[in-house]
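Spelled out from the first residue to the last, the chains are:
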Amino acid sequence: MIKPKSCMLAVPSQPRDIENPDLFLERLHATGAFQLLSGHLEEETLYLEINYEGEIYSAEIFPSDFTLPELYRCQHQFPDVDAEAVQAAQFGLIVEMEFGPNPLTSYHLQLKLISTLLPDVLAVLDASSEKILSGRWVILAAQSTVPPAPRYLFTAQAVSGEEDCVWLHTHGLNRCGHPELEVLNSNKETYQTHYSTLETLAYRLLEEDTTPEYKEPFFLAYVAQGIPLVITLVDWEEAVSCYPPDMLGGKNDREEGHNEDTCAIFVYPNKESYEERNYSSLAVYDELLKDNPIYMISTSETKRMKALAAERLQYLYQAFPDKKNHLLVKIGLPMDKEHQTDSNDKEHIWFEIKDIQGDRITAQLTQEPYYIKGLHEGHTATYTPDQITDWLIFTPERRLTPDDVYLLTT
């Protein structure tokens with residue numbers, strides 16, 4: 001497949017902020033976020049070559065008028081004044097670049113580039129994933145040494161009509177070098193579990209160097225004890241031929257979009273079905289999927305989450321003195337030896353914070369561990385920052401994660 005450029009439109013706080021390309025070049029040369037190798041202006045487009053973490057990227061920057069798309073998903077909360085300003089805005093700055101071999105690193109660079117060009121950016125419309133991002137989140141993410149969560153790279157949409165049929169599909173994976181994913185002929189009772197399967201597969205693909213060949217088996221998870229969920233990808237043209245052409249997401253829905261670099265998710269329920277290449281709808285697992293199978297978080301994502309939690313730990317400490325807040329921390333503790341593997345030796349479990357002295361946290365276990373026999377719900381102990389892999393702040397108004405602290409920067 002031809003990997004398209006990642007396209008974002010940055011909405012400035014003031015329209016005049018996008019009128020001075022010389023100022024952009026000054027900011028790009030001065031930044032420490034990446035190395036600008038070259039930059040030149042042709043007509044209204046600024047062409048850049050950037051060195052970031054050993055990879056060379058090309059980017060194109062140009063102003064554009066726009067109207068706020070109705071179907072884009074608003075990924076973040078906006079203060080009323082920001083939301084009104086975004087809706088009233090008529091001009092923005094397009095930032096296009098082709099992703100390198102690591103999609104998450106490339107995405108992080110694009111945010112750093114936008115933040116450098118517009119230090120007071122109001123919002124960012126990620127056209128590739130059809131998301132609207134808070135400018136405050138973008139600035140905070142750009143300043144971080146830790147990339148954003150993989151979920152920002154794509155959007156999974158559920159489209160329904162008057163009938164029971166639901167069509168699930170992604171936007172954003174193409175720029176990462178993978179086909180978009182679909183689940184066809186889902187319904188309003190089962191689409192949420194199908195959505196989880198699609199989303200989990202997208203996460204897995206983003207960690208893979210290549211996409212599995214069409215019709216080849218790909219193990220995704222265990223849906224029950226000893227029962228594997230083995231999926232396979234089928235090109236959209238073959239996939240829609242299995243259904244009526246006028247079905248939602250069927251052949252007649254493909255004239256104006258979703259007709260290239262996209263594939264549908266099917267399954268092989270057993271070895272014989274794979275050997276015969278006799279794939280089945282994901283619906284054959286509906287009874288098992290409704291029991292909420294556990295989709296494991298990868299080791300690399302666990303490390304990313306821990307790094308972000310550590311980088312923003314001061315927000316947790318600052319929230320503790322307010323007794324209206326309820327604080328939780330996830331602690332990584334060694335599993336019993338019989339459960340440890342070369343790639344995973346810790347169980348990550350939630351504790352409620354009872355006290356903080358200095359940087360040491362006293363907390364009470366809120367759940368029964370799966371892989372630590374001698375530890376039980378209600379156990380209280382003191383832990384150090386290096387043991388924390390995630391945290392949550394429950395205020396009277398909202399739930400905050402390390403990713404959401406942009407809401408505290410007002």
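Below you will find a few notes about this structure. (Residues numbered from 1 in each chain as written. Predicted model: local features only at pLDDT ≥ 70, side-chain atom pairs only at ≥ 80, totals over all residues. Heavy atoms only, no water.)

So, the overall build of the chain
Piece 1. What the chain contains, in helices and strands, is 10 helices and 20 strands.
Piece 2. The globule rule puts the C-alpha radius of gyration for 410 residues at 22 Å, and the 23 Å found for the chain is close to it.
Piece 3. Principal axes of the C-alpha set define a box for the chain whose edges measure 65 × 60 × 45 Å.
Piece 4. When the 410 residues of the chain are sorted by exposure, 49% land in the buried category.
Piece 5. Long-range pairs, those at least 24 residues apart, make up 61% of the contacts in the chain with a sequence separation of at least 6.
Piece 6. When the accessible surface of the chain is split by element, carbon and sulfur atoms take 47% of a total near 20,700 Å².
Piece 7. With 32 positive and 66 negative side-chain charges, the chain shows a spacing of 8 Å between the two charge centroids. (Helix = DSSP H or I, 4+ residues; strand = E, 2+ residues; numbered from the N terminus. Rg over C-alpha atoms; globule rule 2.2 N^0.38 Å. Buried < 20%, exposed > 50% of the residue type's maximum accessible area, 1.4 Å probe, protein only. Contact = heavy atoms within 4.5 Å. Areas by Shrake-Rupley, 256 points an atom, 1.4 Å probe, with all protein chains shown as cover. Lys, Arg positive; Asp, Glu negative; His and termini not counted. Charge placed at Lys NZ, Arg CZ, Asp CG, Glu CD.)

Overview of the sheet that holds strand 3 (residues 45-52)
Piece 1. Taking strand neighbours across the sheet as the criterion, the 8 strands line up as 2-3-4-6-1-7-8-5 in an open arrangement whose pairing is mixed. Strands with a single pairing partner mark the edges of an open sheet, and in this sheet they are strand 2 (35-42) and strand 5 (73-74).
Piece 2. As paired strands, strand 5 and strand 8 (residues 131-134) are joined by 2 bridges and run parallel to one another. Across the sheet, residue R73 finds its bridge partner in strand 8, namely K131.
Piece 3. Strands in contact with helix 3 (residues 103-117) are strand 1 (6-11), strand 3, strand 4 (55-65), strand 6 (91-97), strand 7 (123-126) and strand 8; relative to strand 6, the strand with the most contacts, it is inclined by about 145°. (Pairing = 2+ DSSP bridges. Axes fitted to C-alpha atoms, helices over the stretch in contact; angles between N-to-C directions.)

Things to note about the nonpolar core
Piece 1. Core analysis: the biggest nonpolar cluster contains 92 residues, and L48, L113, L181, L229, V329 and W391 have the highest contact counts within it.
Piece 2. Among the elements that make up this core, the one with the highest residue count is helix 3 (7 residues).
Piece 3. Sequence-distant contacts of V329, defined by excluding residues within four places in its chain, comprise L316, I349, W350, F351, I353, I361, A363, I388, D390 and W391. (Core = buried A, V, L, I, M, F, W, Y, C linked by side-chain atoms within 4.5 Å.)

A short note on a negative patch on the surface
Piece 1. On the surface, E162, E163, D164 and E189 cluster together to form a negatively charged patch.
Piece 2. Turning to its location among the elements, D164 is positioned in the loop between strand 9 (155-160) and strand 10 (165-171). (Patch = residues over 30% accessible without salt bridge, like charges linked within 9 Å, V, L, I, M, F, W, Y side chains within 5 Å. Salt bridge = Lys/Arg side-chain N within 4 Å of Asp/Glu carboxyl O.)

Section: the packing of helix 3 against helix 4 (residues 135-143)
Piece 1. Close contact between helix 3 and helix 4 brings their axes to 8 Å; oriented N to C, the two are set at 115°. If you check the angle between helix 3 and helix 4, you find them roughly perpendicular. Considering only the axes of helix 3 and helix 4, their crossing is left-handed. Of the residues in helix 4, those in contact with Y107, H108, L111, K112, I114 and S115 of helix 3 are W137, V138, I139, A141 and A142.
Piece 2. Its residues assigned to classes, the contact of helix 3 with helix 4 shows 8 nonpolar, 2 polar and 1 charged. (Parallel < 35°, antiparallel > 145°, perpendicular 65-115°, else oblique. Left-handed = near helix turned anticlockwise from the far one by under 90°. Nonpolar A, V, L, I, M, F, W, Y, C, P; charged D, E, K, R; others polar.)

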